Amino acid sequence: MRETAVTWCLLLAGFLAAWSVAAATLPVPSYMLPSPGAVLAAGQDLVVKGILPTYIAESLRRMVLAAVIAFAIGVPAGIALGMSRRLAEFAYPLLNFFQSVSGIAWLPLMLVWFGFGERTILVAVNYTVVFPVALNTLLGVRSVPRIYVNGLRTLGAPRWRIARDVILPGALPSIATGMRLGLAYGWRALIAAEMLVGAHGLGFMIFTAQNFHLTARIMLGMVVIGALWLVLDYFVFRPLEQATIERWGLVQR
Amino acid sequence: MRWPRAAVNGLLPFGLLVVVWAVVTRAGLVAEIFLPRPEEVVRTGWAMALDGSLWTNIIASLGRVALGLCVSVPLAVGAGVAVGLSRRLAAVLEPVASFFNSLSGIAWLPLAVTWFGLGWVSVTFIMVNTVFFLVFFNTLVGVRTVPRVFEHAVRTLGGSRRHLIFQVLIPGAMPSIVAGIRMSIGFGWRALIAAEMIATSTGLGFLIFNAQNFHQTDTILVGIITIGLIWLATDRLVLQPLERWTIERWGLVSAP
């Protein structure tokens with residue numbers, strides 16, 4: 001583990017050195033390939049001016065909102081549809097279709113409906129997250145063995161108890177997978193929507209920087225976008241998925 | 001004869017959706033400019049199919065997907081296996097790959113436009129980039145999860161490095177590679193649509209975004225439906241069979 005960390009640091013140092021040398025010697029204008037120092041300076045500048053923290057907060061706020069709404073809508077919808085075989089068969093092709101048309105593809109229509117602004121971004125991102133969640137919830141519900149449902153029913157449990165005590169726990173691993181996939185799509189959709197609609201946020205930041213050839217700012221934005229997602233994925237989604245799979249899933253030890 | 005019933009079950013929901021759509025627009029609940037009638041969309045789609053504009057854009061988009069796959073998949077699998085050969089290097093590069101993975105797609109667009117200008121190169125770059133990192137990451141993970149016993153067994157029996165690569169590592173990593181390809185098409189296709197909206201003047205993304213400027217909601221809907229249908233067809237006819245085949249052939253090989 002320590003060895004890996006050391007190699008990692010060496011690799012990073014080597015990469016930064018190569019980048020600096022390339023930026024200093026290659027015959028391209030500096031806006032094509034800014035030096036690592038320039039990227040750092042851009043970062044410092046953006047932090048001092050307060051632009052970066054504001055935009056990060058803005059993008060994260062939209063993402064959290066989308067996650068909460070998608071969870072609140074997608075999971076109950078998936079469970080309700082999944083509990084009846086006929087409903088599930090009916091809903092599956094629709095959910096699959098709407099999942100496959102990404103929120104970004106709806107963006108032009110949403111722009112006509114809601115105009116250039118916050119609302120369009122939120123609707124597009126929510127749309128992108130909610131369908132994978134609903135679809136995976138439905139699949140998870142369908143994968144719960146009938147025998148458990150029948151068992152509880154035989155013991156006289158009402159429908160809501162079956163939903164709460166059998167279906168929901170049984171579908172949790174699938175729900176976690178759906179959330180992770182949906183949010184991964186949603187994060188990218190958010191960046192794209194911020195570029196196209198242009199109302200604050202990290203996507204907006206790197207997109208406008210391109211107009212002014214502020215390449216250092218673009219690179220900094222990319223590092224922040226990648227790092228933010230990585231942190232969320234490693235420290236929030238992956239443990240969540242792992243926990244649900246270990247607790248309720250098919251892991252046999 | 002199961003498939004007619006399956007087809008009916010698959011199409012029925014869409015039929016119902018169109019009926020609801022027709023009723024809503026006919027009753028005048030929404031203005032025509034916000035949601036055109038279904039027959040209007042069909043007419044527009046038909047006209048676009050006849051004058052060829054629909055096909056040009058479909059071919060432009062699909063061509064980029066195909067190019068992205070043809071360039072990236074061999075490169076990514078090669079790089080993934082090469083790195084996976086050394087356990088230490090793999091452990092070091094996995095977080096790096098994971099970082100680029102999380103960055104892949106549309107976030108590269110401003111940089112791509114700075115480097116390559118507006119046009120098909122930038123858009124194709126987005127696609128190539130997205131596919132490369134997802135497949136590379138999955139190959140790396142796949143190679144790493146091949147049980148070492150198999151490796152040792154082939155080595156003990158006098159297998160060369162070539163045997164090891166082509167008969168142990170690549171087949172062992174195959175389910176993971178195919179899952180990566182499938183995911184990369186999903187992510188890449190979305191990124192491509194977004195990139196086409198911004199950086200080029202062909203393709204389905206451009207088609208719908210440009211139509212938005214003129215409030216041509218019927219054209220937008222034709223584009224959206226086309227995008228969805230293409231994805232469903234790819235998924236059903238290419239990706240699912242491919243995945244099922246690899247899993248049957250190579251997957252779930254339990255360690256002894």
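Residues numbered from 1 in each chain as written. Chains lettered and ligands numbered in written order. Predicted model: local features only at pLDDT ≥ 70, side-chain atom pairs only at ≥ 80, totals over all residues.

**Quick notes on the overall build of chain A**
Moving on, step 1. Per the secondary structure count, chain A includes ten helices and zero strands.
Moving on, step 2. When the elements of chain A are put in sequence order from the N terminus, they spell out α-α-α-α-α-α-α-α-α-α.
Moving on, step 3. Expected size for 253 residues packed as a compact globule is a radius of gyration near 18 Å; at 23 Å, chain A overshoots this value by more than 25%.
Moving on, step 4. Dimensions of chain A, computed from the C-alpha atoms along their principal axes, are close to 75 × 55 × 30 Å.
Moving on, step 5. The buried share among the 253 residues of chain A stands at 41%.
Moving on, step 6. Residue pairs at least 24 apart in sequence account for 73% of intrachain contacts in chain A once pairs closer than 6 positions are excluded. (Helix = DSSP H or I, 4+ residues; strand = E, 2+ residues; numbered from the N terminus. Rg over C-alpha atoms; globule rule 2.2 N^0.38 Å. Buried ≥ 20, exposed ≤ 12 C-beta atoms within 10 Å, placed from the backbone. Contact = placed C-beta atoms within 7 Å.)

**Observations concerning the interface of chain B and chain A**
Moving on, step 1. At the interface, 40 residues of chain B touch 43 residues of chain A.
Moving on, step 2. Secondary structure elements with two or more residues in the side of chain B that touches chain A: α1 (3-26), α4 (87-103), α5 (109-116), α8 (161-199), α9 (204-213) and α10 (217-250) of chain B.
Moving on, step 3. Element by element, the count of residues in the side of chain B that touches chain A is highest for α10 of chain B, at eight residues.
Moving on, step 4. Residue composition of the side of chain B that touches chain A, by class: 28 nonpolar, ten polar and two charged. (Nonpolar A, V, L, I, M, F, W, Y, C, P; charged D, E, K, R; others polar.)

**Section: the nonpolar core**
Moving on, step 1. By size, the foremost hydrophobic cluster in this structure holds 135 residues, and its most contacted members are Ala124 and Ala193 of chain A together with Ile126 and Ala195 of chain B.
Moving on, step 2. Those residues within four positions of Ala193 of chain A in sequence are excluded, and the remaining contacts are Ile104, Leu107, Ile121, Ala124, Val125 and Gly203 of chain A. (Core = buried A, V, L, I, M, F, W, Y, C linked by C-beta atoms within 7 Å.)

**Details of the environment of Arg43 of chain B**
Moving on, step 1. Tracing the backbone shows Arg43 of chain B in helix α2 (residues 38-51).
Moving on, step 2. Taking the C-alpha atoms as reference points, Arg43 of chain B and Leu242 of chain B, 199 residues apart in sequence, are found 36 Å from one another.

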